[in-house]
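Structural overview for review
Listed here are the chains, written in short residue letters.
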Amino acid sequence: MQTSPSAPAATPSAANDAVRSFGVHRRGQLLIALLLFVLIALLPLVVQNAYLRNVLVLTLLYAALAQAWNILGGYCGQISLGHALYFGVGAYAVSKLYVAFGVLPWFGMLVGGGLAALLALVLGYGCFRLKGHYFSIATIVIAEMGLLLAHNWEWLGAASGIQWPFGPDSWATLQFARDKTPYVYFALGLLAVTWFACWLIEDSRWGYWWRAVKDNPDAAESLGVTVLPSKMAAAAISAFFTAVGGGFYAAFVSYVDPDSVMQFRFSLLIVLPVVLGGIGTLWGPILGAAILIPLTEFSRSYLGGSGSGLDLMIYGGLVMAVALLKPEGLIRLLPSRFSRKKEAAR
Amino acid sequence: MTASALLQVLASGLLMGLIYGLIAVGLSLIFGLMDVVNFAHGEFMMLAMYATFGCFVFFHIDPVLALPLVAAAMFVLGAGVYGGVVRHAMRVKVNAGMVQIFATFGLATFIQGASQFLFSPDYRNIGDHGLLGGKTLELAGVYLPWPQVFGAVVSLVAFGGLYLLMKRTDFGRALEATREDKGAVALVGIDSNRVFALGWGLGAALVGVAGAVLSTFYYIHPQVGAAFATIAYITVALGGFGSVFGAFAAGIVVGLVEAVTAVVLPPAMKSMGIYALYLAIIFLRPQGLFGKL
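Residues numbered from 1 in each chain as written. Chains lettered and ligands numbered in written order. Predicted model: local features only at pLDDT ≥ 70, side-chain atom pairs only at ≥ 80, totals over all residues. Heavy atoms only, no water.

A word on the overall build of chain B
Within chain B one finds eleven helices and two strands. When the elements of chain B are put in sequence order from the N terminus, they spell out α-α-α-α-β-β-α-α-α-α-α-α-α. In terms of overall size, chain B behaves like a compact globule, its C-alpha atoms giving a radius of gyration of 19 Å where 293 residues would be expected to give roughly 19 Å. By principal-axis analysis of the C-alpha atoms, chain B measures approximately 60 × 50 × 35 Å. (Helix = DSSP H or I, 4+ residues; strand = E, 2+ residues; numbered from the N terminus. Rg over C-alpha atoms; globule rule 2.2 N^0.38 Å.)

Here it is, written out as structure tokens:
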């Protein structure tokens, strides 16, 4: 780690201290995460209500999806508004493989994740030359193409989608009809893995490259960061986890159709927790999902039942308010250890 | 396909394309002025459709006559949204791009919810009851519904008006100058804040005109804006962000391509042609047809 030339006061030993405290800081994050995930794992013991457990599953799933988006959007600065595409690829891959060929969802998720990662590499190769809004709009359009294809592709059930058969409760097929608690653990596992991936990335070469690409691509390029491969790597990892989440969602609801997994609205729903919590941070997506998803679900079940639109009004108003009042994300309200960017390492 | 059938397809595509162009022009104007993509643009259009419908049902004002009223109301709404929401989003220093996306997206969701609450999710239409409803113009074997012809003519007039406004008036010159350099205009005494507000008003009025003419032949429901908005984003990107002329031209191209695709592919896939064209062009010319890098 080099000390900046403009700060001659920083002696080598001071720099070493900074690096050491950064190491402590990182291990601290890991400990906090472990504690948090264990606490969440205990939640089903307290929460007996089936509806609340359902909300818990969705919250954990969205936290994982938001964290996955954060890899590309938060760390690498590429604002994709088309992640519904990867979610849909995962959901369809798992459903089709299981229903038509009997492939267990566990393998289906890996296949779906791999497919999505491959797709992200191909699309990224074309799209990453586009800057700013041009990039975001291209991602919207590609996802809309996917939605249109899914709507008209008979092999994937077209507009009616794919319905999973009823089967006995089993971890192998990820089907639990009576008690939904196992889904809580699967979603928690998925969140833990994505979070850990982000934790690893933060201090890896890729992580530093991505932040450099985000801050100033031209400067990064001149310093020897290969910008396009960096972006493509971020896109592939992000797409992989998003697709695994999609596959899990398909198993969870035992059903997949184009409108429920691939609409544009859905791409935004994945991004919202990140924006709300704090973009480019380890804890922002989780905090954002923890607030936003229960709120969405409760307002939908208590206010939106008759399609009155009240839930949308509250949701939209809230998004607007947070964007304007707390643009750096709610994570900044917490003590700095959760939100601190890595000054210590600089 | 016979020659007259082809002509029919092209004519329908052109009529629709002119309206797409008008919708996109408003979006492009705002973008060029202040680098903000308005994600509530489609919802503005939806509100204008409801306003036109309301004028017709409650006050028996024909859509043709309601059009200037709706445009004026939308101008006020646009300027108000700038003052109430966008101005604050522009002041934000961190994550500025995201904040602008989500401030306008939140607004869009709010407007959709409010419309569902006030007008119910039902589909409504003015149908054959207006002055133009149910009448068809026949021209050399090509049949053109009058509402669509009217919409196309209005779009051309509105675009012409905008062009003159931008080239011939002080406001237009201030708008153009602010688009070029926000900092420098302050030095010559132009209040960029006011220009932005007027720009938003103008953008909303333009999409309001489009909504008013669309309501004469299209179904009106709270989600109608979203479908048109996607097409408008594509149109703006295709024409080149910030190029008002590009947006209008691209709108016509989009209308024609959509009409042809609807004949070649199954009708449900009619948007595929636009998407493919957009991607093909954007990969060859990342700045769009008429945009500058």
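A few points about a nonpolar patch on the surface
Residues and elements named next belong to chain A. A contiguous nonpolar patch, built from Leu34, Val38, Leu39, Leu42, Leu45 and Val46 and spanning about 630 Å² of accessible area, is present on the exposed surface. Inspection of the secondary structure puts Leu34 in helix α1 (residues 12–46). Given a relative accessible area of 60%, Leu34 falls into the exposed group. (Patch = residues over 30% accessible without salt bridge, like charges linked within 9 Å, V, L, I, M, F, W, Y side chains within 5 Å. Areas by Shrake-Rupley, 256 points an atom, 1.4 Å probe, with all protein chains shown as cover. Salt bridge = Lys/Arg side-chain N within 4 Å of Asp/Glu carboxyl O. Buried < 20%, exposed > 50% of the residue type's maximum accessible area, 1.4 Å probe, protein only.)

A short note on the interface of chain A and chain B
Many analyses report the size of an interface as the accessible area lost when the parts associate. Across the contact, 41 residues belong to chain A and 45 residues belong to chain B. Counting the surface lost from both chain A and chain B, the interface buries some 3,900 Å², and carbon and sulfur atoms represent 79% of this. In this structure, the connection of chain A to chain B is made through three residue pairs in polar contact (both at pLDDT 80 or more). Within the residue set of the side of chain A that touches chain B, elements represented by two or more residues are α4 (105–127), α5 (132–152), α11 (264–277) and α13 (310–325) of chain A. Split into classes, the residues belonging to the side of chain A that touches chain B amount to 29 nonpolar, eight polar and four charged. (Contact = heavy atoms within 4.5 Å. Buried area = accessible area lost by both parts, 1.4 Å probe. Polar contact = N/O pair within 3.5 Å; in protein donor to acceptor, adjacent residues only side chain to side chain. Nonpolar A, V, L, I, M, F, W, Y, C, P; charged D, E, K, R; others polar.)

Notes on unusual backbone geometry
Residues and elements named next belong to chain B. Phi at Asp35 is positive, roughly 65°, even though this residue is not glycine. By the secondary structure assignment, Asp35 is in the loop between α1 (3–34) and α2 (41–59). Given a relative accessible area of 48%, Asp35 falls into the partly exposed group.

Structural notes on the nonpolar core
All names here are of chain B. Judged by nonpolar contacts, the single largest core of 212 residues is most densely connected at Phe44, Phe102 and Tyr278. If you tally residues by element for this core, the top one is α1, at 16 residues. With residues up to four places along the chain from it excluded, the contact list for Phe44 reads Asn38, Met74, Leu77, Gly78, Val81, Leu107, Ile111, Trp200, Ala204 and Val207. (Core = buried A, V, L, I, M, F, W, Y, C linked by side-chain atoms within 4.5 Å.)

Here we look at the packing of helix α5 (residues 146–168) of chain B against helix α8 (residues 192–214) of chain B
Residues and elements named next belong to chain B. Relative orientation of the contacting elements α5 and α8 amounts to 165°, with a least axis distance of 9 Å. If you check the angle between α5 and α8, you find them roughly antiparallel. Along this stretch, α5 crosses α8, giving a crossing that reads as right-handed. Contacts between α5 and α8 involve Phe150, Gly151, Val154, Ala158, Leu162 and Leu165 on the former and, on the latter, Leu202, Leu206, Val209 and Val213. Each residue belonging to the contact of α5 with α8 can be placed in one class, and the counts come to nine nonpolar, one polar and no charged. (Axes fitted to C-alpha atoms, helices over the stretch in contact; angles between N-to-C directions. Parallel < 35°, antiparallel > 145°, perpendicular 65-115°, else oblique. Left-handed = near helix turned anticlockwise from the far one by under 90°.)

With respect to the packing of aromatic side chains
The geometry of an aromatic ring pair is captured by two quantities: the separation of the ring centres and the angle between the planes. All names here are of chain A. Scanning the entire structure with this criterion turns up 27 aromatic pairs over all chains. Between Phe87 and Phe266, the aromatic rings sit 4.5 Å apart at their centres with planes inclined by 40°, giving tilted as the arrangement. One end of the pair, Phe87, is in helix α3 (residues 84–101); the other, Phe266, is in helix α11, and 179 residues separate them in sequence. Taken as a pair, Phe87 and Phe266 share a single burial class, namely buried. Aromatic pair Trp106 and Phe186: ring centres 5.2 Å apart, planes at 65°, arrangement edge-to-face. Separated by 80 residues along the polypeptide, Trp106 in helix α4 and Phe186 in helix α6 (residues 181–202) bring together distant segments of the chain. Given the relative accessible area of 36%, Trp106 is considered partly exposed. Clustering of aromatic rings is evident, with ring pairs tying together Trp106, Tyr183, Phe186, Phe248 and Phe252. One Lys or Arg, Arg26, reaches over the ring of Trp199 and ends 4.1 Å from the middle of that ring. (Phe/Tyr/Trp six-rings, centres within 6.5 Å; stacked < 30°, edge-to-face > 60°. Lys NZ or Arg CZ within 6 Å of the ring centre and 35° of its normal.)

Some thoughts on the side chain of A:Gln175
All names here are of chain A. Its place among the elements puts Gln175 in the loop between β1 (162–163) and α6. Gln175 gets classed as buried once you look at its relative accessible area, which sits at 7%. Side chain to side chain, Gln175 and Ser254 meet in a polar contact 2.9 Å long. Once you skip the residues sitting within four places of it in the chain, Gln175 turns out to touch Trp164, Pro168, Asp169, Ser170, Tyr183, Ala251 and Ser254.

With respect to the side chain of A:Ser254
All names here are of chain A. On the secondary structure map, Ser254 appears in the loop between α9 (227–253) and β2 (255–256). Among the residues examined, Ser254 registers a relative accessible area of 16% and is labelled buried. Other than its neighbours up to four places away in sequence, Ser254 contacts Gln163, Trp164 and Gln175.

Considering the state of the cysteines
Residues and elements named next belong to chain A. Under the defined criterion, the tally for this structure stands at zero disulfides over all chains. This cysteine, Cys198, is not joined by any disulfide, and Cys76 carries the nearest cysteine sulfur, 12 Å off. Among the residues examined, Cys198 registers a relative accessible area of 0% and is labelled buried. (Disulfide = S-S within 2.5 Å.)

A short note on the confidence of the model for chain A
A residue-level look at chain A finds 88% of positions with pLDDT of 70 or above and a mean pLDDT of 83. In this model residues 341–346 of chain A is a low-confidence stretch, pLDDT under 50, and it forms 16 contacts with partners more than four residues away in sequence or in other chains. (pLDDT = per-residue confidence, 0-100.)

Description of the pairing of strand β2 (residues 142–145) of chain B
The alternating pattern of β2(B) places B:Val142 and B:Leu144 on a buried face and B:Tyr143 and B:Pro145 on a face that is not buried. Linking strand β1 (residues 136–139) of chain B back to β2(B) in an antiparallel pair, the connection comprises two residues, with B:Ala140 at a positive phi of about 50°. (Pairing = 2+ DSSP bridges.)

Looking at the pattern of salt bridges
According to the stated counting rule, one finds two salt bridges over all chains in the structure shown. Between A:Asp203 and A:Arg26 there is a salt bridge whose closest N-O contact spans 3.8 Å. Of this pair, A:Asp203 sits in the loop between α6 and α7 (205–215) while A:Arg26 sits in helix α1; the two residues are 177 residues apart in sequence, bridging distant segments of the chain. Residue classification places A:Arg26 among the buried residues on the basis of a relative accessible area of 9%. Ionic pairing is found between B:Arg173 and B:Asp170, a salt bridge with its closest N-O pair at 3.5 Å. Separated by three residues within a single helix, B:Arg173 and B:Asp170 lie in helix α6 (residues 170–180), roughly one turn from each other.

Thoughts on helix α12 (residues 284–303) of chain A
Residue and element names in this part refer to chain A. The end-to-end C-alpha distance of α12 is 27 Å, a good match for the 28 Å that 20 residues give at a rise of 1.5 Å each. Of the residues making up α12, those classed as buried are Gly284, Pro285, Ile286, Gly288, Ala289, Leu292, Ile293, Pro294, Thr296, Glu297 and Ser299. If you follow the buried residues of α12, they end up packed against α2 (50–75), α6, α11 and α13. (Expected span 1.5 Å × (residues − 1).)

Let's talk about the pairing of β1(B)
Relative to β2(B), β1(B) runs antiparallel, the two being bridged by four bridges. Bridge pairing in β2(B) places B:Leu139 opposite B:Val142.

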